[in-house]
Amino acid sequence: MPHATAPPATGHRPRWWTELPLIAVVYALYSVGRLLVRGDVSTAVDNGLAILRFEQALYLNAEHPLNRLFTSTPSIGIPADFAYASLHYVVTPAVLVWMFRRRSAAYRAARVWLMNSTLLGLVGFTLMPTCPPRLLDAGHGFVDTMAQYSAYGWWGEGASAPRGLSGMTNQYAAMPSLHVGWSLWCGVLLWRHGRHPLVRAAGIAYPLITTVVVMGTANHYFLDAVAGAAVMGLGALLVKPVIRFADGVKARLAGVLPGGLLGGRKRGGASTAAAAIPATVSPDIATVSPDVSAGCKTSPGERIPGQRTTSADPPGTAVGGTAARDAADADASDDAPAAAR
């Protein structure tokens, strides 16, 4: 997905005081939207069972063995629960900040990619509410490891939400898995823009580990993870059209709103003071210091302090000074002797 992280055509440098509110608003809208699109529980259960049967028909059922491993081995299950409950809140913002500070030329495309995919995930939650494996009837063979190991963490029995706040989250928003989607976003950026081998290795390991964790903790099916990757791919394809659209809207608003509200200093551009200099005035002239004479005239032969003289001029005569101009005027006068002319 190189085009999703490629530097933009312009040299615009992002500013944190505009980026931070934008990201906060988008995430708040996503969180509220995810909460409001709760579907019917019976429909979500039917969708979950349909996914499980489809996977079993294709021999893709990796959830059961992983879930049994995490359930029977606390040394694996407990760290996996912590990873599921926290890493997407920590790693994703950390990579976003890293891109902002260290790879600012590609930051805007990366941010638009993340937002596109997140909103597409919200569409998926709306169209296909899905019951995760951990909430299916126990007869289907899954154990909720989040509930099993809840005494070790801050979460309760309601997924990764803090105790008592499970009602503030949509537990049937399993398709697609944005845990996997966001981890893939982080992995691509770390691989593409990381310079140290360990950073690039983390870019490979993080999405793979996340995929295993979401299945082993019985929070997602394998096809949820596939859908999460597909959503990220579609979000990457929409990066350039969305940026063009946003730039077009900004250009139209710039023609309506007072100057300076949408703009800002361009990277390496001229300042507003320089732009105010008339076109007929040379920029070099506009930047020199004020006239040292400040409108005052010097007497003939008087030298301005610090002004150079030539060896041919008499003492006290400045090059281009008042005495030189007076001599030139006398030479050109009709009353001057012919020899002088």
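Everything here concerns the structure above.
Keep in mind that what you see is a predicted model, and the values were worked out from it rather than measured.

Caption draft 1: The packing of helix α4 (residues 74-102) against helix α5 (residues 104-127), seen in detail. Relative orientation of the contacting elements α4 and α5 amounts to 150 degrees, with a least axis distance of 6 Å. As summarised for this structure, α4 and α5 are arranged roughly antiparallel, according to the angle between their axes. Residue-level inspection shows Thr-92, Leu-96, Met-99, Phe-100 and Arg-102 of α4 in contact with α5, the latter providing Ser-104, Ala-106, Tyr-107, Ala-110, Arg-111 and Leu-114. Looking at the contact of α4 with α5, its residues break down into seven nonpolar, two polar and two charged.

Caption draft 2: Quick peek at unusual backbone geometry. Between Met-175 and the following residue, Pro-176, the backbone shows a cis peptide bond with an omega angle of 0 degrees. Locating Pro-176 in the fold gives a position in the loop between α6 (145-148) and α7 (178-193). Here Tyr-59, not a glycine, exhibits a phi torsion of approximately 55 degrees, which is positive. Among the structural elements, Tyr-59 can be located in the loop between α2 (41-57) and α3 (63-72). Phi at Ala-218 is positive, roughly 65 degrees, even though this residue is not glycine. Within the secondary structure, Ala-218 sits in the loop between α8 (197-216) and α9 (222-237). Relative accessible area serves as the criterion here: at 0%, Ala-218 is assigned to the buried category.

Caption draft 3: Spotlight on the packing of aromatic side chains. Across all of its chains, the model carries three aromatic pairs by this definition. With a centroid separation of 5.5 Å and 70 degrees between ring planes, the pair formed by Phe-82 and Trp-154 is classed as edge-to-face. Residue Phe-82 is found in helix α4, and its partner Trp-154 is found in the loop between α6 and α7; the two are separated by 72 residues along the sequence. Judged by relative accessible area, which is 36%, Trp-154 ranks as partly exposed. A ring pair is formed by Tyr-149 and Tyr-152, whose centres lie 6.3 Å apart and whose planes are at 65 degrees; its orientation type is edge-to-face. A residue is classified by how much of its surface remains accessible, and Tyr-149, at 4% relative accessible area, is buried. Residue Tyr-152 is classed as exposed on the basis of its relative accessible area of 52%. Here Arg-200 stacks its cationic end above the ring of Trp-191, 3.8 Å away from the centre of that ring.

Caption draft 4: Highlighting the nonpolar core. Counting residues in hydrophobic clusters, the biggest one holds 27 residues, and the most contacted among them are Val-95, Met-99, Trp-113, Trp-185 and Leu-189. Here this core gets nine residues from one element, more than from any other, and that element is α5. Aside from chain neighbours lying at most four places away, what touches Met-99 is Ser-104, Ala-106, Tyr-107, Ala-110, Leu-189 and His-193.

Reading the values: rules and limits
- Residues numbered from 1 in each chain as written.
- Predicted model: local features only at pLDDT ≥ 70, side-chain atom pairs only at ≥ 80, totals over all residues.
- Heavy atoms only, no water.
- Axes fitted to C-alpha atoms, helices over the stretch in contact; angles between N-to-C directions.
- Helix = DSSP H or I, 4+ residues; strand = E, 2+ residues; numbered from the N terminus.
- Parallel < 35°, antiparallel > 145°, perpendicular 65-115°, else oblique.
- Contact = heavy atoms within 4.5 Å.
- Nonpolar A, V, L, I, M, F, W, Y, C, P; charged D, E, K, R; others polar.
- Buried < 20%, exposed > 50% of the residue type's maximum accessible area, 1.4 Å probe, protein only.
- Phe/Tyr/Trp six-rings, centres within 6.5 Å; stacked < 30°, edge-to-face > 60°.
- Lys NZ or Arg CZ within 6 Å of the ring centre and 35° of its normal.
- Core = buried A, V, L, I, M, F, W, Y, C linked by side-chain atoms within 4.5 Å.

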